[in-house]
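Okay, here's what each chain looks like letter by letter:
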Amino acid sequence: MGGAAVEQGPGGVKAPDGGWGWAVLVGCFVITGFSYAFPKAVSVFFKELIREFDVGYSDTAWISSILLAMLYGSGPLCSVLVNRFGCRPVMLVGGVLASLGMILASFSTSIIHIYLSTGVITGLGLALNFQPSLIMLNRYFSEKRPLANGLSAAGSPVALCCLSPLGQVLQYQYGWRGSFLILGGILLNCCVCAALMRPLVAPKTLKSKELEQDNEEEEAEKKKPKAKLLDFSVFKDRSFVIYTVAASIMVLGLFVPPVFVVSYAKELGNEDTKSALLLSILGFIDMFARPTCGLIAGMKWVRPRCVYLFSFAMIFNGITDLIGSQANDYTTLVIFCIFFGLSYGMVGALQFEVLMAIVGTERFSSAIGLVLLMEAIAVLVGPPAAGRLLDATHNYMWIFLLAGCEVVLAAVVLATCNFLFIKKEPSASADKLENITVTEECSKGPDVNDEEEKGAREEQEKETKEELKEKEEMDKEKEERIRPASLIVDSQEVEKFLKEPTQNGDMANSPETSL
């Protein structure tokens, strides 16, 4: 999942859709894996933390909730910092903070210390890496953006498949304190990923043109108002408001099953290693679901209707939670993890791809920060509320039912409101606008047509000017051809005149006529 603020390329450089973008994609893949897998992988240590600090399930669930809340709630802050300082410096600072938080957590003496270190400091560090890394991804890819989003989002399940068993092994070997210390060292790789985020540079062929246009651009920039670090005008877009409300409802239940599925398996009497394997199964399916869904979303017919594919993915995920609530043995939990991984991967690949299509590149910087801020409230409430419900009922069925209902409700809100309130303009044809979703076509259709008409007029004017130039050149060529011919005719007449015998013999014999 993911998307982020978008930096303006130098001189309006077009997204290369490849090249160094693949290196940026690798860095984004790793950062996305750390950002979304860590809150789930930490759940492996919940049993030990409960024994160590004598707390309940709801208390330990706050660790994952604070991590996710910082990841989401720091969205506006990340947008401002990136627009002010750039991607690479922000990511370097974030990598140091993420590592420092886990190292400090290894010396904790109470659950509050873990909230502050793992939850706040590490969560903030991951947030400062997550958004800027996807900023660059959105800049480097345009036509291949759905596929790039799907591949980068696949970092989450891959990291989950690795971190969950690794955490279990580290816990047996070094305890939860030693494990946190080692995980802090692993998070320093975020700084390596930051080094891959090379800003886009204009090609050499464009540099000469840019030098000629420097004076004009400087004058234009002086006249233009300064760019806003955080643009709240996105809330005037009806499609953006609908998306934000639906996404906030979805997040209430989306992360609950991965947080509690390991404890659910242990409650049924399964071994710790066997229970942790469920997250690996979930992550393995999720790993292939995200790129596949990205390929589907990039198809010509599907991309303009991506919002409805996103709604289907949420309904699929919610129904999986509702059915999985009836699991009563390890086999049914494995089946649940398979279908949940498939639906969760679809949601992860489409969530921010839909947002990118709705608001566009220019406003995406502010839009992603504001959406994550709204979702942070839901993330902060969801897992702890499920933990409180578990403490009251001592039955995992109810938390899975609640999570499923919340995700299904989000899908209904998004699809219904988009269909009823975002009506498509008749002048804007969705088949021609391949890179725009249905909601964007509806809100921006007339503007697109005006731009197309202006472009067509400019092209016609250029064609007429070129035709006039061609006619002038043809006329000049004709004149040049005619002029030498006339000179030849005149010389021939003179020669004939001189060769003809004159009637006056005196004139013929005179030296002047002979000359």
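What you see is a predicted model, and the numbers here were worked out from it, not measured in a lab. (Residues numbered from 1 in each chain as written. Predicted model: local features only at pLDDT ≥ 70, side-chain atom pairs only at ≥ 80, totals over all residues. Heavy atoms only, no water.)

Asker: Explanation requested: the overall build of the protein in the structure shown.
Answerer: Secondary structure summary: the protein contains 21 helices and zero strands in total. Within the protein, buried positions represent 51% of all 515 residues. Taking the contacts inside the protein whose residues are at least 6 apart along the sequence as the reference set, 86% of them involve residues at least 24 apart. Accessible surface, the protein: about 25100 Å² in total, of which carbon and sulfur atoms supply 62%. (Helix = DSSP H or I, 4+ residues; strand = E, 2+ residues; numbered from the N terminus. Buried < 20%, exposed > 50% of the residue type's maximum accessible area, 1.4 Å probe, protein only. Contact = heavy atoms within 4.5 Å. Areas by Shrake-Rupley, 256 points an atom, 1.4 Å probe, with all protein chains shown as cover.)

Asker: So what exactly am I meant to see when it comes to the pattern of salt bridges here?
Answerer: Two side chains with opposite charge may pair up if their charged atoms get near one another. Enumeration according to the criterion identifies five salt bridges in this entry. Taking the shortest distance from any N to any O, the salt bridge between Arg 51 and Glu 48 comes out at 3.3 Å. Taken together, the residues span about one helical turn, with Arg 51 and Glu 48 both in helix α2 (residues 46-53) at a distance of three residues. The exposed category is assigned to Arg 51, whose relative accessible area is 64%. The partner of Glu 353 in a salt bridge is Arg 303, and the shortest N-O contact between them spans 4.0 Å. On the criterion of sequence distance, the pair formed by Glu 353 in helix α16 (residues 330-359) and Arg 303 in the loop between α14 (272-297) and α15 (306-324) is long-range, its members being 50 residues apart. (Salt bridge = Lys/Arg side-chain N within 4 Å of Asp/Glu carboxyl O.)

Asker: Can you help me understand the packing of helix α5 (residues 87-105) against helix α8 (residues 155-186) in this one?
Answerer: How two helices sit against one another is set out by the angle between their axes and by the gap between those axes. Put simply, α5 and α8 touch, their axes get as near as 7 Å, and they point 165° apart. Considered as vectors, α5 and α8 are oriented roughly antiparallel to each other. For α5 against α8, the interelement crossing comes out left-handed. Note on element contacts: α8 touches α5 through Trp 176, Phe 180, Leu 181, Leu 183, Gly 184 and Gly 185, opposite Ser 99, Met 102, Ile 103 and Ala 105. (Axes fitted to C-alpha atoms, helices over the stretch in contact; angles between N-to-C directions. Parallel < 35°, antiparallel > 145°, perpendicular 65-115°, else oblique. Left-handed = near helix turned anticlockwise from the far one by under 90°.)

Asker: Please clarify how the side chain of Thr 244 should be interpreted in this entry.
Answerer: Tracing the sequence through the fold places Thr 244 in helix α12 (residues 238-254). Residue class for Thr 244 comes out buried when judged on its relative accessible area of 5%. Every residue in contact with Thr 244, bar those within four places of it in the chain, is listed here: Val 371 and Met 374.

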